[in-house]
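Results of the structural survey
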Amino acid sequence: MTDNHVCRRLTGRTAVVTGAGSGIGLASARRLASEGARVVCADIDETTGKAAAGEVGGLFVRTDVTDPDQVEALFQAAYDTYGSVDVAFNNAGISPPDDDSIIETGLEAWKRVQEVNLTSVYLCCKAAIPYMRRQGKGSVINTASFVARMGAATSQISYTASKGGVLAMSRELGVQFAREGIRVNALCPGPVNTPLLRELFAKDPERAARRLVHIPAGRFAEAEEIAAAVAFLASDDSSFVNATDFLVDGGLTGAYVTPL
Ligand SMILES: NC(=O)c1ccc[n+]([C@@H]2O[C@H](COP(=O)([O-])OP(=O)(O)OC[C@H]3O[C@@H](n4cnc5c(N)ncnc54)[C@H](O)[C@@H]3O)[C@@H](O)[C@H]2O)c1
């Protein structure tokens, strides 16, 4: 891992991170703070969200990202506290077990996943972009997934559709606001080594092997490796990177035959 202390690309910037209490959001809150950003940690989980904000010396705003008023209040709080909204990392998302094959998945499960994974990104972009327009500058990073680019026989149909939506929406917003100094990118992580995934695959090594064989790198990503990409997209180092499906997937989507 790189020495984050030499990298201070975000001094004086305010970054809002949704789903900051866990996984990619938590690793990103840490990384953005280490690069000098003032981090606003949003999560529906008060315990983990507060802990994240405490750790990075930032602000916690309890937010259900599916609620328009709460999302408005989140970005307002960021602006009122720190005076700008420079980075919006719209990352909160769910992948519940009742979202499965289209044959099994009911309308309720479909709708819940669309709300949390896609409507939330619409709401966060709608709330964040007006601040960025006034500043004439901003970076929006929306977490999509490699499944926005590839089909899986082990389907989670609403999840996949929601991430496809995040990707297309991000591209369009990136194009629309480009001349106002605002960049919007969809971050597409490959599978990440999370506690949930570790537990699942410890119980079922064949399931892990079936996935790992497709990844040229031969392993899943660490959350810190995704966070490093978030920091890049947040910073001016990515000033000409816009409207992309920014893949951080160990080569997964580029692969046909992988090394033995
Ligand atoms: N983990 C992976 O392998 C992987 C791969 C590609 C994309 N992603 C995406 O990355 C993002 C983060 O995933 P993760 O693995 O870090 O998940 P995680 O479960 O570790 O963290 C998600 C966080 O979002 C919060 N959250 C859930 N619903 C919320 C709501 N309604 N309002 C506010 N906060 C809410 C949770 O409390 C949690 O803290 C998600 O969008 C996910 O789809 C994950």
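The preceding data block contains the structure.
Small disclaimer: the values here were computed from a predicted structure and weren't measured.

Let's talk about the packing of aromatic side chains
- Overall, the coordinates contain three aromatic pairs when judged by the stated rule.
- Measuring from ring centre to ring centre gives 5.9 Å for Phe 232 and Phe 246, while their planes differ by 40°; the resulting arrangement is tilted. Residue Phe 232 is located in helix H8 (residues 223–234), and its partner Phe 246 is located in strand S7 (residues 245–248); the two are separated by 14 residues in the primary sequence.
- The exposure class of Phe 232 is partly exposed, given its relative accessible area of 24%.
- In this structure, Arg 134 packs its charged tip against the face of Tyr 131, placed 5.1 Å from the ring centre.

Brief notes about the sheet that holds strand S3 (residues 59–62)
- An order of S3-S2-S1-S4-S5-S6-S7 is seen for the seven strands of this open sheet, with the pairing classed as parallel. Because the sheet does not close on itself, it has two edges, and the strands there are S3 and S7. Strand-to-strand twist across the sheet, computed as the mean angle between neighbouring axes with direction ignored, equals 20°.
- Two strands pair when backbone bridges link them, and strand S1 (residues 14–18) and strand S4 (residues 87–90) are joined in this way by three bridges, in the parallel orientation. Bridging across to S4, Val 17 finds its partner in Phe 89.

Section: the site of the ligand
- Close contacts around the ligand come from 26 residues, with Ser 22, Ile 24, Asp 43, Tyr 159 and Val 192 the closest.
- In the model, an oxygen atom of the ligand is placed 2.6 Å from a nitrogen or oxygen of the Asp 43 side chain.
- One nitrogen or oxygen atom from the main chain of Ile 44 is found 3.3 Å from a nitrogen atom belonging to the ligand.
- Expressed as a share of its isolated accessible area of 830 Å², the protein-covered part of the ligand is 83%.
- Every element with two or more residues in the shell around the ligand is listed here: helix H1 (23–34) and helix H5 (157–176).

So, the packing of helix H6 (residues 195–203) against helix H7 (residues 205–212)
- Two numbers describe how H6 lies on H7: the axes approach to 5 Å, and their chain directions differ by 115°. Here H6 contributes Leu 200, Phe 201, Ala 202 and Lys 203 to the contact with H7, which in turn contributes Pro 205, Arg 207, Ala 208 and Arg 211.
- In terms of residue class, the contact of H6 with H7 is built from five nonpolar, no polar and three charged.

Brief notes about the state of the cysteines
- Going through the model one piece at a time under the given rule, you end up with zero disulfides.
- No disulfide involves Cys 7; its nearest neighbouring cysteine sulfur is the one of Cys 41, lying 20 Å away.
- With no disulfide of its own, Cys 41 lies closest to Cys 124 among cysteine sulfurs, the gap being 14 Å.

Notes on the pairing of S4
- Side chains of S4 alternate between two faces, with Val 87 and Phe 89 and Ala 88 and Asn 90 buried alike.
- Two elements, S4 and strand S5 (residues 138–143), share four bridges in a ladder whose sense is parallel. Looking at S5, one finds that Val 87 is bridged to Ser 139.
- Crossover S4 to S5 through helix H4 (residues 107–135) is right-handed.

What counts and how
Residues numbered from 1 in each chain as written. Predicted model: local features only at pLDDT ≥ 70, side-chain atom pairs only at ≥ 80, totals over all residues. Heavy atoms only, no water. Phe/Tyr/Trp six-rings, centres within 6.5 Å; stacked < 30°, edge-to-face > 60°. Helix = DSSP H or I, 4+ residues; strand = E, 2+ residues; numbered from the N terminus. Buried < 20%, exposed > 50% of the residue type's maximum accessible area, 1.4 Å probe, protein only. Lys NZ or Arg CZ within 6 Å of the ring centre and 35° of its normal. Pairing = 2+ DSSP bridges. Axes fitted to C-alpha atoms, helices over the stretch in contact; angles between N-to-C directions. Near = heavy atom within 4 Å. Polar contact = N/O pair within 3.5 Å; in protein donor to acceptor, adjacent residues only side chain to side chain. Areas by Shrake-Rupley, 256 points an atom, 1.4 Å probe, with all protein chains shown as cover. Contact = heavy atoms within 4.5 Å. Nonpolar A, V, L, I, M, F, W, Y, C, P; charged D, E, K, R; others polar. Disulfide = S-S within 2.5 Å. Right-handed = clockwise from strand over helix to strand, strands pointing away.

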